[in-house]
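# Coordinates in review
Listed here are the chains, written in short residue letters.
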Amino acid sequence: MSNAVGTSVLCARGLHKRHGEGEGSVRAVDGVDLDIGAGETVAVMGPSGCGKSTLLHLLGGLDRPSGGEVWLNGRRIDDISEKALARVRRTDVSYVFQSFHLMEELTAVENVEMSALLAGRSPRTARRRAEELLDRLGIADRSKSLPSALSGGQRQRVAVARALCNEPLVVLADEPTGNLDSTATLDVLRLFKDLHESGQTLVVVTHDARIAATADRMFSMRDGVLVDETRLTGGTTGQLGALIGLED
Amino acid sequence: MQQEVVLAMLAKEPSHGYQLRARLRDALGPLGEAMNAGHIYVTLTRLEKAGLLAVERSAGGADRPDRKVYTLTPDGQQRVAEWIAEVSWPRPDLAEFHLKLIAAASGGLADPLAIVDAQRRELLRRLRDTQLAAMAEPDGSNAALLLEGIALRLQADLRWLEACEKNWTKRRNGS
């Protein structure tokens with residue numbers, strides 16, 4: 001066991017996940033080691049079927065690995081009881097999904113405060129935090145709207161606000177821009193940048209290169225394996241003008 | 001900077017050099033930072049010699065470049081109209097990269113997959129710069145639209161690299 005388990009927020013060691021049994025089984029995740037530091041934004045990019053969503057589910061305790069370990073904030077979570085794991089899912093990790101997964105019969109603010117209520121906050125604290133988050137995400141005026149009355153970009157903002165409302169250690173996002181046009185995608189990227197600046201740890205799996213490119217680190221995933229790591233922070237390519245041939 | 005671009009920026013009205021530069025800056029945003037002011041004045045002088053624009057000194061009469069007002073001549077207007085109507089599109093040079101992979105593999109010079117990886121890192125860095133610039137632009141600005149175009153082209157290039165990777169992985173495993 002490397003020392004990193006002690007200093008990283010989220011770690012995977014020799015992580016495996018098989019779907020099915022025997023000859024016909026598929027190795028969705030096939031030996032992944034990963035260390036994610038506090039405040040880091042990490043992207044995992046790969047084609048559909050490469051195992052990236054399964055990996056995210058294993059990291060967030062939505063699914064259990066066939067082998068290997070998952071450590072969250074120095075505590076192993078792959079082998080804990082179902083009850084303890086449910087608690088981890090309510091208090092320590094949050095999800096943002098491609099299809100938002102908002103409750104259609106609840107208003108925006110009710111959707112957002114739900115995660116804080118489930119994590120055990122008082123109704124007053126939950127509502128105050130939900131309203132703060134909606135304000136920070138620029139949709140305070142839509143807080144009483146039902147999801148059906150919101151645009152795709154607004155719905156994803158509500159989903160991100162919900163993910164933050166229980167003050168999780170890690171936010172896990174699965175194709176968060178999959179259903180969004182380019183303007184709304186830019187909004188989500190701005191949002192993630194704000195989260196990053198506020199110190200939130202964020203793991204995004206996506207096939208959208210625009211998201212991957214704005215992370216601190218990016219992993220390429222193929223057939224259940226992380227095949228390449230790119231560190232993207234520090235140093236730019238120089239003048240943007242070179243991109244359109246303006247430089248001589 | 002292409003001569004026609006400078007010419008076309010004068011089509012709205014006779015302008016000082018600094019007004020012309022301000023129009024370019026607004027259109028290009030952070031992408032215009034590479035623009036060289038001296039180069040634009042050289043281009044203006046060339047266009048004047050070619051009879052495509054005329055120069056008047058504004059009141060004060062001093063011979064400083066920023067006192068000059070540039071106006072399109074009828075020939076200049078004609079040239080701008082032709083340029084606007086022209087259909088042209090920058091040609092990406094994909095063949096060079098393609099041939100690099102083939103030469104590297106056939107001559108045993110390098111691993112084509114390592115070349116693809118290095119290229120992908122570079123494109124991701126460019127995409128990152130482009131996205132960071134786009135995120136800093138207000139929605140609907142001129143520069144935001146241009147940055148979106150650059151991001152889309154880089155994404156297309158990245159998808160082609162994915163195809164290159166798949167293909168060369170298959171060749172390596174198959175041979």
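Another aspect to go through is the overall build of chain A. The number of helices and strands found in chain A is eight helices and ten strands. For chain A, the proportion of its 248 residues judged to be buried stands at 47%. Restricting to contacts in chain A with at least 6 residues of sequence separation, those with at least 24 account for 67%.

Of regular secondary structure, chain B possesses seven helices and three strands. Secondary structure elements of chain B occur, N-terminal to C-terminal, as α-β-α-α-β-β-α-α-α-α. In terms of overall dimensions, chain B is more spread out than a globule: its C-alpha atoms have a radius of gyration of 22 Å, far above the 16 Å expected for 175 residues. Its C-alpha atoms give chain B principal-axis dimensions of roughly 75 × 35 × 30 Å. Burial statistics for chain B: of 175 residues in total, 22% are counted as buried.

Residue and element names in this part refer to chain A. On the basis of which strands lie adjacent, the open sheet formed by four strands has the order E2-E1-E4-E5 and antiparallel pairing. Edge positions in the sheet fall to strand E2 (26–36) and strand E5 (75–76), since each of these pairs with one other strand and no more. Strand direction decides the pairing type here: strand E1 (residues 10–19) and strand E4 (residues 67–72), joined by five bridges, are antiparallel. Counted as the bridge partner of Ala-12 is Val-70 from E4.

Further remarks concern the pairing of strand E10 (residues 225–231) of chain A. All names here are of chain A. For strand E9 (residues 217–222) and E10, the ladder comprises six bridges, and the chain directions are antiparallel. Within the sheet, the bridge partner assigned to Arg-217 lies in E10 and is Arg-231. Between E9 and E10, which pair antiparallel one after the other, the connecting turn spans two residues, and Asp-223 there sits at a positive phi close to 45°.

Residue and element names in this part refer to chain A. Overall, mixed pairing links the six strands, which are arranged E6-E7-E8-E3-E9-E10 in an open sheet. On the outer flanks of this sheet lie strand E6 (93–97) and E10, each paired with one strand and no other. On average, adjacent strands in this sheet sit at an angle of 20° to one another, irrespective of strand direction. Against the sheet, helix H2 (residues 52–59) touches strand E3 (41–45), strand E7 (170–174), strand E8 (201–206) and E9, its axis set at about 155° to E8. Against the sheet, helix H6 (residues 152–165) contacts E6 and E7, and its axis sits at roughly 175° relative to E6.

Looking now at the packing of helix H4 (residues 108–118) of chain A against helix H5 (residues 123–136) of chain A. All names here are of chain A. With their axes 8 Å apart at the nearest point, H4 and H5 run at an angle of 125° to one another. The pairing of H4 with H5 is recorded here as oblique in orientation. Where H4 crosses over H5, the handedness of that crossing is right-handed. Here H4 contributes Ala-108, Val-109, Val-112, Glu-113, Ala-116 and Leu-117 to the contact with H5, which in turn contributes Pro-123, Thr-125, Ala-126, Arg-127, Arg-129, Ala-130, Glu-131, Leu-133 and Leu-134.

Residue and element names in this part refer to chain B. Direction of pairing for strand E1 (residues 15–16) relative to strand E3 (residues 68–72): antiparallel, over a ladder of two bridges. Paired with His-16 across the bridge in E3 is Val-69. In this structure, strand E2 (residues 53–57) lies alongside E3, joined through five bridges in antiparallel fashion. Looking at the pairing, Ala-54 lines up with Thr-71 of E3.

Here we come to H6(A). Along an α-helix, residues three or four positions apart point the same way, because every turn accommodates 3.6 residues. Residue and element names in this part refer to chain A. The end-to-end C-alpha distance of H6 is 20 Å, a good match for the 20 Å that 14 residues give at a rise of 1.5 Å each. Most of H6 is tucked away, with twelve of its 14 residues classed as buried. Taken together, the buried positions of H6 are occupied by Gln-154, Arg-155, Gln-156, Arg-157, Val-158, Ala-159, Val-160, Ala-161, Arg-162, Ala-163, Leu-164 and Cys-165. Those residues of H6 that are buried lie in contact with E6, H4, H5, E7 and helix H7 (182–197). Note on H6: the residue one or two positions beyond its end, Glu-167, has a positive phi of about 50°.

This brings us to the confidence of the model for chain B. Summing up the model confidence of chain B, the mean pLDDT is 88 and the portion of residues at 70 or higher is 94%. Across the predicted assembly, pTM comes out at 0.83 and ipTM at 0.79.

A word on the environment of Leu226(A). Take Leu226(A): it is sitting in strand E10. With sequence-adjacent residues up to four places away left out, Leu226(A) is seen in contact with Val32(A), Phe219(A) and Met221(A).

With that settled, the discussion passes to H2(A). Along H2(A), eight of the eight residues are buried, which leaves the element largely enclosed by surrounding structure. With its phi angle positive at about 75°, Gly61(A) sits one or two positions after the end of H2(A).

The next subject is the packing of H4(A) against H6(A). Geometry of a packed helix pair, given as the angle between the helix axes and the separation of the axes. Residues and elements named next belong to chain A. Interhelical geometry of H4 versus H6 gives an angle of 25° and a closest axis separation of 7 Å. Here H4 is positioned roughly parallel relative to H6, judged by the angle of their axes. When the axes of H4 and H6 are compared, the crossing they make is right-handed. Where H4 approaches H6, its residues Ala-108, Asn-111, Val-112, Glu-113, Met-114, Ser-115 and Ala-116 are matched on the opposing element by Val-158, Ala-161, Arg-162 and Cys-165.

How each quantity is defined
Residues numbered from 1 in each chain as written. Chains lettered and ligands numbered in written order. Predicted model: local features only at pLDDT ≥ 70, side-chain atom pairs only at ≥ 80, totals over all residues. Helix = DSSP H or I, 4+ residues; strand = E, 2+ residues; numbered from the N terminus. Buried ≥ 20, exposed ≤ 12 C-beta atoms within 10 Å, placed from the backbone. Contact = placed C-beta atoms within 7 Å. Rg over C-alpha atoms; globule rule 2.2 N^0.38 Å. Pairing = 2+ DSSP bridges. Axes fitted to C-alpha atoms, helices over the stretch in contact; angles between N-to-C directions. Parallel < 35°, antiparallel > 145°, perpendicular 65-115°, else oblique. Left-handed = near helix turned anticlockwise from the far one by under 90°. Expected span 1.5 Å × (residues − 1). pLDDT = per-residue confidence, 0-100.

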